[in-house]
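Inside the fold
Chain by chain, the residues run as shown.
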Amino acid sequence: MVVKKHKKPLNKPSVAPPKHVSGVDPLRTLEEWFKEHDVSYDEYAIKLVLNLRGSGGKTQHAMGVVAVRDLRVGETVCRISKEAILSPKTTAIADILEQHDLSIGVLGLTVALAFEMSLGEKSPFFGYLSTLPERENLPIFWSEAELEELKGTDLGEAVLRDKALLIDDFETHVVPMCKEHPDLLPPSKITCDLFLRAASLVASRAFQVDAFHGDSMVPLADTFNHKTNAEIVHFESEGDVCPTCGSFYECDCNDDDDDNASVSSSCPSLADSMSSIPAVDDSMYLEMTTIRRCRKGDEVYNTYGVHGNGALLGRYGFCEVGNAEEGVSVEVEEVA
């Protein structure tokens, strides 16, 4: 990952989005939250769009990103402050997660997300969280009849195993944590259902940010949808930071208390600090930058990695028509 030079702020978004069927305006809600938390995108390059998806009488909004003009390679279209992300380090229960050795990683993020979701409007992330789906439609939530459609496939066997592992994580780690801190984590609110819903959102949306935050929920970056081997934008972050304090610059976190180094040699002076850290610290921002050209009106895609449809369905809740990475697993015994 590369440290970026200082750039001027991106053009602030100004969109008049359509109303959602429920009367809630998710785009306006999200963009108001963006403005309050130093999250921006270039409105002359891209726009957020809202579609509806769902089945069985249940409808929810799904966001995406569209180019409003032809995009060139190397354009930074989004800038997101690390202070706006949701990670095990930025949640109100960060100290509790650290006590339970969950201050970094997917499980810690899932607990953090479940906790913030349980707070409702009291969470500082509410404006962002309120625009997310209640859960992703992953196979772990499917009925027995629906799971029959996966019988005989690799995914069919994996679904039951994955759900069992998630429930075990909840019972092994979350339940004891709730019993120890019932004031912040009341068992009546931090339920297994909430944990599973949070896990589905983490599985489908989390980004690896840096050595300090680890896996995190990144507002705005997660509105870009996936296309295999055809992504337009790339997620960029300065990941080589201090895992203890998150600083990209020299810090004293790893200093040995017993060494003989003087305070003056181990601690930079105020003047040194002021000269080494730019007025706007780009290491504290995440960016989405174009790596391919994109025509005006086309959707701007990110990539979730190179996966066949089984993996896409199991982790993200969808399949991709014409997926070139599709394949079939064959046991050695079947071809011997």
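For the structure, see preceding data.
The present account deals with the structure reproduced in this document. (Residues numbered from 1 in each chain as written. Predicted model: local features only at pLDDT ≥ 70, side-chain atom pairs only at ≥ 80, totals over all residues. Heavy atoms only, no water.)

Let us look at the side chain of Glu 238. Residue position: Glu 238 is located in the loop between strand E7 (233–236) and helix H8 (263–266). The side chain of Glu 238 is buried and forms no salt bridge, while Lys 82, the nearest opposite charge, is found at 7.2 Å. Of the polar contacts made by the side chain of Glu 238, one reaches the backbone nitrogen of Asp 240; its length is 3.0 Å. (Helix = DSSP H or I, 4+ residues; strand = E, 2+ residues; numbered from the N terminus. Buried < 20%, exposed > 50% of the residue type's maximum accessible area, 1.4 Å probe, protein only. Lys, Arg positive; Asp, Glu negative; His and termini not counted. Salt bridge = Lys/Arg side-chain N within 4 Å of Asp/Glu carboxyl O. Polar contact = N/O pair within 3.5 Å; in protein donor to acceptor, adjacent residues only side chain to side chain.)

This brings us to the side chain of Ser 216. Mapped onto the elements of the fold, Ser 216 is located in strand E6 (residues 215–216). Side-chain polar atoms of Ser 216 contact the backbone oxygen of Gly 214, separated by 3.2 Å. When sequence neighbours within four positions are dropped, the list of residues in contact with Ser 216 reads Ile 85, Leu 86, Ser 87, Leu 109, Arg 205, Ala 206, Phe 207 and Val 209. (Contact = heavy atoms within 4.5 Å.)

A few words now on the nonpolar core. Within the largest apolar cluster, 60 residues are counted, with the highest numbers of intra-cluster contacts made by Ile 46, Met 217, Val 218, Phe 224 and Val 300. Of the residues forming this core, the biggest block, seven residues, is contributed by helix H3 (residues 106–119). The contact partners of Val 218, leaving out residues within four places of it in the chain, are Ile 80, Ile 85, Tyr 128, Phe 207, Val 209, Phe 235 and Leu 286. In terms of nonpolar packing, the next biggest core, distinct from the first, is built from nine residues, Ile 140, Phe 141, Leu 150 and Val 159 among them. (Core = buried A, V, L, I, M, F, W, Y, C linked by side-chain atoms within 4.5 Å.)

Quick look at the pattern of salt bridges now. Tallied over the entire structure, the rule returns nine salt bridges. Here Asp 25 makes a salt bridge to Arg 28, at a shortest N to O gap of 3.4 Å. Glu 136 is the salt-bridge partner of Arg 205, the closest N and O atoms lying 3.2 Å from each other. One end of the pair, Arg 205, is in helix H7 (residues 192–205); the other, Glu 136, is in the loop between helix H4 (126–129) and helix H5 (144–147), with 69 residues separating them in the sequence. The exposure class assigned to Arg 205 is buried, which follows from its relative accessible area of 15%. A relative accessible area of 6% places Glu 136 in the buried class. Within this structure, Arg 69, Arg 72 and Glu 75 form a network of salt bridges that share partners.

Let us look at the packing of aromatic side chains. Applying the stated criterion across every chain yields a total of seven aromatic pairs. Their ring planes at 35 degrees and their centres at 5.8 Å tell us that Trp 33 and Tyr 128 sit as a pair that is tilted. Separated by 95 residues along the polypeptide, Trp 33 in helix H1 (residues 26–36) and Tyr 128 in helix H4 bring together distant segments of the chain. Both residues of the pair, Trp 33 and Tyr 128, count as buried. Through successive ring pairs, a cluster of aromatic residues spans Trp 33, Phe 34, Phe 125 and Tyr 128. One Lys or Arg, Arg 79, reaches over the ring of Tyr 285 and ends 4.3 Å from the middle of that ring. Positioned over the ring face of Phe 212 is Lys 89, at 3.9 Å from the centre of the ring. (Phe/Tyr/Trp six-rings, centres within 6.5 Å; stacked < 30°, edge-to-face > 60°. Lys NZ or Arg CZ within 6 Å of the ring centre and 35° of its normal.)

Moving on: the environment of Leu 201. With respect to the helices and strands, Leu 201 occurs in helix H7. C-alpha of Leu 201 to C-alpha of Met 217: the two residues are 16 residues apart in sequence and 8.8 Å apart in space. When residues no more than four places from it in sequence are discounted, the contact partners of Leu 201 are Leu 113, Met 117, Leu 132, Pro 133, Glu 134, Arg 135, Glu 136, Ala 206 and Met 217.

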